[in-house]
Amino acid sequence: MWRILRQIARHGICSEAAPAYSDALRVQGAEIQDELLAILGQALTIRQVDAGSCNGCELEINALNNPYTNLEGLGIKFVASPRHADLLLVTGPVTRNMAEALRRTYDATPAPKLVVAVGDCGCDGGIFGESYATCGRVANVIPVDVAVPGCPPPPLEILRGILTAVRRCRAPSA
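Residues numbered from 1 in each chain as written. Predicted model: local features only at pLDDT ≥ 70, side-chain atom pairs only at ≥ 80, totals over all residues. Heavy atoms only, no water.

1. Examining the environment of Tyr106
Inspection of the secondary structure assignment puts Tyr106 in helix α4 (residues 96-108). C-alpha of Tyr106 to C-alpha of Ala85: the two residues are 21 residues apart in sequence and 10.0 Å apart in space. Leave out the neighbours within four places in its chain, and Tyr106 touches Leu88, Lys113, Val115, Ile142 and Pro143. (Helix = DSSP H or I, 4+ residues; strand = E, 2+ residues; numbered from the N terminus. Contact = heavy atoms within 4.5 Å.)

Encoded structure:
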């Protein structure tokens, strides 16, 4: 333990610098919040479903809630029940054991149902593909509105995918 403490004292705690603050981000955040309220008339609620992922995408989804991205400040929040959700955020290749649970979650979500598949596994099955253990991509089990590729995709790409799905929700009724 003393060796580790000496090493910390010699080198310091390594960390990347905090991102630079920008008024443009605050203004853009207010525009996103106004757009969500105009389209949905309320805050956007998301139910995240892990259908069999390696948890890489979940780490990036958790980063959406950090102070830098501040998802809740934009009027977007995660909920525990699909009955309270406007959008399903699904990660991973859908395992055979999770296929029925994913269908039930989709059925429990009130209309209009929005689904965003996150990560290469959710978009096309990733390295797992379709096999005896997996159904492959999310679209093989439930309809998908937007796919966000990447292994794992960065938080801002996930946010862009969410906003794209919400904007498409508005498009047919306009």
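Don't stop here, the text continues.
2. A closer look at the pairing of strand β1 (residues 44-50)
Summarising burial for β1: 5 of the 7 residues are buried, a large majority. The pairing of β1 with strand β2 (residues 76-78) spans 3 bridges and is parallel. The residue of β2 that forms the bridge with Thr45 is Lys77. Once the chain exits β1 it traverses helix α3 (residues 56-63) before rejoining the sheet at β2, and the crossover so formed is right-handed. Sheet topology places β1 next to strand β3 (residues 87-91); 5 bridges connect them, and they run parallel. Paired with Val49 across the strands is Val90, a residue of β3. (Buried < 20%, exposed > 50% of the residue type's maximum accessible area, 1.4 Å probe, protein only. Pairing = 2+ DSSP bridges. Right-handed = clockwise from strand over helix to strand, strands pointing away.)

3. Re a nonpolar patch on the surface
Nonpolar side chains collect at one region of the surface, where Met1, Trp2, Ile4, Leu5, Ile8 and Ile13 lie side by side and expose about 760 Å² of accessible area between them. Turning to its location among the elements, Ile13 is positioned in the loop between α1 (2-11) and α2 (23-40). (Patch = residues over 30% accessible without salt bridge, like charges linked within 9 Å, V, L, I, M, F, W, Y side chains within 5 Å. Areas by Shrake-Rupley, 256 points an atom, 1.4 Å probe, with all protein chains shown as cover. Salt bridge = Lys/Arg side-chain N within 4 Å of Asp/Glu carboxyl O.)

Take it as geometry only, folks, not as evidence of what the structure does.
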